[in-house]
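Descriptive analysis of the structure
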Amino acid sequence: MGKVTGFMEYERLEEGYKPVPERLKHYKEFVVGLDDSQAKVQAARCMDCGTPFCNSGCPVNNIIPDFNDLVYQADWKNAITVLHSTNNFPEFTGRICPAPCEAACTLNVNGEAVGIKSIEHAIIDKAWSEGWVQPQPARIKTGKKVAVVGSGPAGMAAAQQLARAGHDVTLFEKNDRIGGLLRYGIPDFKMEKSHIDRRVEQMKAEGVVFRTGVMVGELPKDSKVTNWAKETVTPEQLQKDFDAVVLTGGSEQSRDLPVPGRDLDGIHFAMEFLPQQNKVNAGDKLKGQLRADGKHVIVIGGGDTGSDCVGTSNRHGAVSVTQFEVMPQPPEEENKPLVWPYWPLKLRTSSSHEEGCTREFAISTKAFKGEKGKVTGLTTVHVEMKDGKLVEIPGTEKHYKADMVLLAMGFVNPVASILDGFGVEKDARGNAKASTDFTGGYATNVPKVFAAGDMRRGQSLVVWAIREGRQAARSVDEFLMGFSDLPR
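This section reports on the structure supplied with the text. (Residues numbered from 1 in each chain as written. Predicted model: local features only at pLDDT ≥ 70, side-chain atom pairs only at ≥ 80, totals over all residues. Heavy atoms only, no water.)

**With respect to unusual backbone geometry**
- With omega at 5°, the peptide bond leading from W340 into P341 counts as cis.
- With respect to the helices and strands, the residue P341 is situated in the loop between α16 (336-339) and α17 (351-354).
- Positioned with a positive phi, Y442 is a non-glycine residue whose angle comes to about 70°.
- Relative to the helices and strands, Y442 is located in the loop between α18 (416-422) and β20 (449-451).
- Residue Y442 is classed as buried on the basis of its relative accessible area, which comes to 0%.
- Residue K448 is not a glycine yet carries a positive backbone phi of 60°.
- Locating K448 in the fold gives a position in the loop between α18 and β20. (Helix = DSSP H or I, 4+ residues; strand = E, 2+ residues; numbered from the N terminus. Buried < 20%, exposed > 50% of the residue type's maximum accessible area, 1.4 Å probe, protein only.)

Dropping the structure here:
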């Protein structure tokens, strides 16, 4: 906890944003974090609640009251030690996690939660600036070799933990840079990629070998999944060369919208649009980049990926941006006594929405319209929920002008051909079938092949990916050595 009476004395303080006109001119981060004194005051609000629901609300089980108290005491060095004990990459979660811990905060029952995410952000940024984040190479090597396939947060977490346990770890990534969907799915204005780069350097010093531009297995010929691989390795080769293989790829199969006109030019998956901008931001030259400048843009899908499309389109200079969500508009405020400590359904307005966007709810696309093979608009209808199903409301059809349509309706499953290449059994949703049991967890039906992150649980949060990567690493360590000292 922080100060005994702090929750009664101090109000919640949000992180600030730089002005919209200023931040729309670039792709850099624009969040104004808390300074030391502000973080101390916010940490003081952490009360002696007895049962800290924030711990269980956090997928990696961050020891939140402890690091809050340490920040209140200005003991920042021990605060980062506590934070790193459960979370390999708090600079990622401190920027892009939706903070389920705050929804579970006891203060949130009838007031405003402690700003846990902003405190975490402040701790890790101070740790980097003070030079406290250092490599932790293993003192003893085991001689065991592990391949990790997929370099998103699950793969990075698994690789780092296994390297620290003394194993020889090789991390494979089909694209040209490490980070997975962190690198090529999340815009730089939400998280600059230098945060990934310095973790890569730390992991290299810990012994992790990175192999980028390497496709493990095959993608279908008509796949829209981002793939900048220059060489291929077969699953059979990995199983032969390594003592264990951990599959940590993303859930990259985008949900499609099979309505009339879908084949018109100008209709793209969000994950065709967003990775290209990140690649350009990295300094690469890209022919035929998808651009929204001068266009009327429709984003179909009301989640975070759709919001990222909105922010990127506005930075391109789109004439207008409209975002569709098929579900009804949620309430602006949740019923806290009813839903606490669980994640509430309520209207969430992102920084990208604030930069300029028209939002439409309870709306469904019936058909795309076009001229000379290019999309010019779409026809919609409003829907309502009846008997658990969305049904059209007669007489609500409407036409929208559109020069570009971005499909951001989520992801259905990992690419099936990757799992099939290893012979991994899939669950009903097309994910790798593996339990999370304490003993033998994350093991698939194929000997010495494990699966974690989106590959196992489906589309989810970065913080869940880190949790699964850490837990899978412990299971792999136990499999290789018969026991493990790695935290779970």
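Moving on from the model shown.
**Remarks on the pairing of strand β3 (residues 145-149)**
- With four of five residues buried, β3 is to be regarded as a mostly interior element.
- When β3 meets strand β4 (residues 168-173), the two strands line up parallel, connected through five bridges. Counterpart to V146 in the pairing with β4 is V169.
- The parallel pair β3 and β4, bridged by helix α10 (residues 153-164), forms a crossover whose chirality is right-handed.
- Bridge count for β3 against strand β8 (residues 244-247) is four bridges, and the pairing is parallel. Opposite V149, over in β8, you have L247 as the bridge partner. (Pairing = 2+ DSSP bridges. Right-handed = clockwise from strand over helix to strand, strands pointing away.)

**As for the layout of surface pockets**
- Taken as a whole, the second largest pocket holds about 660 Å³ of empty space.
- Along its surface, the second largest pocket is lined by 29 residues, and Q136, A138, R164, A165 and L486 are the ones closest to its centre.
- Of all the secondary-structure elements, those providing two or more residues to the lining of the second largest pocket are α6 (76-84), α10, α12 (194-205) and α20 (462-481).
- Tallying contributions element by element places α6 first for the lining of the second largest pocket, with four residues.
- The residue inventory of the lining of the second largest pocket, partitioned by class, reads eleven nonpolar, twelve polar and six charged. (1 Å grid on protein atoms, 1.4 Å probe; cavity = no way out; pocket = protein on both sides within 12 Å on 5 of 7 lines; lining within 4 Å. Points joined across faces, edges and corners; volume = space filled by probe spheres on them. Nonpolar A, V, L, I, M, F, W, Y, C, P; charged D, E, K, R; others polar.)

**What to know about empty space enclosed by the protein**
- Tallied over the full model, the rule gives four cavities of 30 Å³ or more.
- Empty space within the largest cavity amounts to approximately 110 Å³.
- Forming the boundary of the largest cavity are 15 residues, of which C46, C49, C54, C105 and T106 lie nearest the centre.
- When residues of the lining of the largest cavity are traced back to their parent elements, those giving at least two are α4 (53-57) and α5 (64-72).

**Focus: the environment of W343**
- Looking at where W343 falls in the secondary structure, it is placed in the loop between α16 and α17.
- Take W343: its relative accessible area is 43%, and that puts it in the partly exposed class.
- Along the backbone, W343 and P98 are 245 residues apart, and their C-alpha atoms lie at a distance of 9.8 Å.
- Sequence-distant contacts of W343, that is, excluding residues within four places in its chain, are made with P98, A99, P100, A103 and R348. (Contact = heavy atoms within 4.5 Å.)

**So, a nonpolar patch on the surface**
- Where nonpolar side chains cluster on the molecular surface, the patch consists of V326, M327, M385 and L390 and spans about 300 Å² of accessible area.
- The exposure class of M327 is partly exposed, given its relative accessible area of 36%. (Patch = residues over 30% accessible without salt bridge, like charges linked within 9 Å, V, L, I, M, F, W, Y side chains within 5 Å. Areas by Shrake-Rupley, 256 points an atom, 1.4 Å probe, with all protein chains shown as cover. Salt bridge = Lys/Arg side-chain N within 4 Å of Asp/Glu carboxyl O.)

**Things to note about the sheet that holds β8**
- Read across the sheet, five strands follow the order β5-β4-β3-β8-β20 without closing on themselves; strand pairing throughout is parallel. Every other strand in the sheet has two partners, leaving β5 (209-212) and β20 as the edge strands with one partner each. Across the sheet, the mean angle separating the axes of adjacent strands is 20° when strand polarity is ignored.
- Its contacts with the sheet put α20 on β3, β8 and β20, and the angle it makes with β8 is roughly 170°. (Axes fitted to C-alpha atoms, helices over the stretch in contact; angles between N-to-C directions.)

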